[in-house]
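Structure assessment
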Amino acid sequence: MKCPFCGFDDSKVTDSRPVDEKIRRRRECLKCRIRFTTYEVVEIPLLMVEKRDGTFETFDRNKLIKGIFTAIKKRPVTIEQVSGIADYIENYYANALKTIASSREIGEIVLEKLREIDPVSYIRFASVYNDFTDIESFVATIGEFEKGD
């Protein structure tokens, strides 16, 4: 770490502790001996979502959560479970070092997670995600759900 006072290229860490979602480090320049503070944060790569029409937009966690909340309305699904789905998606792509995800991939992950949590929420989300236009689509999805159990 370059010293902000004398410009020397090396310093030692004298203290390190977590603060909020960062790590605070007290450093001492090995040349001028002046102490300074740095903060370390994890950099999450920007995730772009490719929409069905071929356009791209940045991943919006709030938009995802809002869509899931529409499906879980008046169902026994907790905020923590919904947040867990969003966390899983963000972590999945960050760990895979992927910066582009299709909306279809994200929707499939949400369906997979909702399937484990609540069958009614799963069907509701599937109806919007798959753009059901008739009753047969609902019946087919419910049939697939029952076969999977």
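Per-chain numbering applies: the sequence of each chain, read as written, is numbered from 1 onward. The predicted nature of this model means local features are confined to residues of pLDDT at least 70 and side-chain atom pairs, given and counted, to a pLDDT of 80 or more, with totals for whole chains, interfaces and linings taken over all residues. Think of the side-chain values as coming from all heavy atoms in the structure, minus any hydrogens and water.

Bringing the layout of surface pockets into the picture now. Here a cavity denotes a set of grid points, spaced 1 Å apart and computed over the protein atoms alone, in which a 1.4 Å probe fits but from which it cannot get out, and a pocket denotes an open set meeting protein on both sides within 12 Å along at least five of seven lines; residues with an atom within 4 Å of a point are reported as lining. Grid points are joined across faces, edges and corners, and a volume is the space filled by probe spheres set on the points. If you add up the space inside the largest pocket, you get close to 590 Å³. As for the largest pocket, its lining consists of 19 residues, of which Lys 51, Lys 63, Leu 64, Gly 67 and Phe 125 are closest to the centre. Secondary structure elements with two or more residues in the lining of the largest pocket: β5 (56-58), α1 (61-72), α3 (103-117) and α4 (119-129). Strands here mean DSSP runs of E at least two residues long; helices mean DSSP runs of H or I at least four residues long; both are numbered from the N terminus. Among the elements that take part in the lining of the largest pocket, α1 stands out by supplying 5 residues, more than any other.

In this section: a nonpolar patch on the surface. To count toward a patch, a residue needs a relative accessible area over 30% and no salt bridge; like charges are then connected within 9 Å, while nonpolar side chains (Val, Leu, Ile, Met, Phe, Trp, Tyr) are connected within 5 Å. The accessible surface values rely on the Shrake-Rupley method and a 1.4 Å probe; as for residues, cover is taken only from the protein chains in view. Here, a salt bridge means any Lys or Arg side-chain nitrogen found within 4 Å of an Asp or Glu carboxyl oxygen. A contiguous nonpolar surface patch, about 370 Å² in accessible area, is contributed by Ile 135, Phe 138, Val 139 and Ile 142. Counting through the fold element by element, Ile 142 comes out in helix α5 (residues 135-148). Exposed residues in this analysis have more than 50% of their type's maximum accessible area, buried residues have under 20%, and partly exposed residues fall in between, with area computed by a 1.4 Å probe over protein chains only. Ile 142 gets classed as partly exposed once you look at its relative accessible area, which sits at 37%.

Moving on, we get to the sheet that holds strand β3 (residues 35-40). Think of it this way: DSSP has to see at least two bridges between two strands before they count as a pair. Read from one edge of the open sheet, 3 strands run β1-β2-β3, paired in antiparallel fashion. In the strand order of this sheet, the two ends are held by β1 (11-19) and β3, each with one partner. Recorded for the sheet is a direction-independent mean angle of 25 degrees between the axes of neighbouring strands. Here the axes come from fitting lines to C-alpha atoms, over the contacting stretch only for helices, and the angles between their N-to-C directions go from 0 to 180 degrees.

On to the packing of α1 against α3, then. Where α1 meets α3, the closest approach of the two axes is 12 Å, and the angle between their N-to-C directions is 40 degrees. When the axis of α1 is compared with that of α3, the two are oblique. By crossing handedness, the relation of α1 to α3 is classed as right-handed. Across from Leu 64, Ile 68 and Ile 72 in α1, the residues of α3 making contact are Ile 106, Val 110 and Leu 114. A per-class count over the contact of α1 with α3 returns 6 nonpolar, no polar and no charged. If an angle is under 35 degrees, it is roughly parallel; if it is over 145, roughly antiparallel; if it lies from 65 to 115, roughly perpendicular; otherwise it is oblique. Each crossing gets its handedness from the near helix: less than a right angle anticlockwise from the far helix is left-handed, clockwise is right-handed. Should any heavy atoms of two residues lie within 4.5 Å, those residues are counted as being in contact. The residue classification treats Ala, Val, Leu, Ile, Met, Phe, Trp, Tyr, Cys and Pro as nonpolar and Asp, Glu, Lys and Arg as charged. All others, Gly included, are polar.

A word on the side chain of Thr 38. Mapped onto the elements of the fold, Thr 38 is located in strand β3. Of note is the side chain of Thr 38, whose polar atom sits 3.1 Å from the side chain of Arg 27. Here a polar contact is taken to be a pair of N or O atoms separated by no more than 3.5 Å, where protein atoms must pair a possible hydrogen donor with a possible acceptor and residues adjacent in sequence count only if both atoms sit in side chains.

It is worth spelling out the environment of Arg 104 at this point. Following the sequence through the fold, Arg 104 ends up in helix α3. Residue classification places Arg 104 among the partly exposed residues on the basis of a relative accessible area of 42%. The spatial distance from the C-alpha of Arg 104 to the C-alpha of Lys 51 is 7.9 Å, given a sequence separation of 53 residues.

Attention shifts here to the sheet that holds β5. Here we have 3 strands laid out as an open sheet, ordered β5-β4-β6, and mixed in their pairing. For this open sheet the edge positions go to β5 and β6 (100-102), each flanked by a neighbour on one side alone. The mean angle between the axes of side-by-side strands here comes to 35 degrees, regardless of whether they run parallel or antiparallel. Examined bridge by bridge, strand β4 (residues 48-50) and β5 share 3 bridges and lie antiparallel to one another. Paired with Val 49 across the two strands is Glu 57, which belongs to β5. Strands β4 and β6 of the sheet are contacted by α3, whose axis makes an angle of about 70 degrees with β6.

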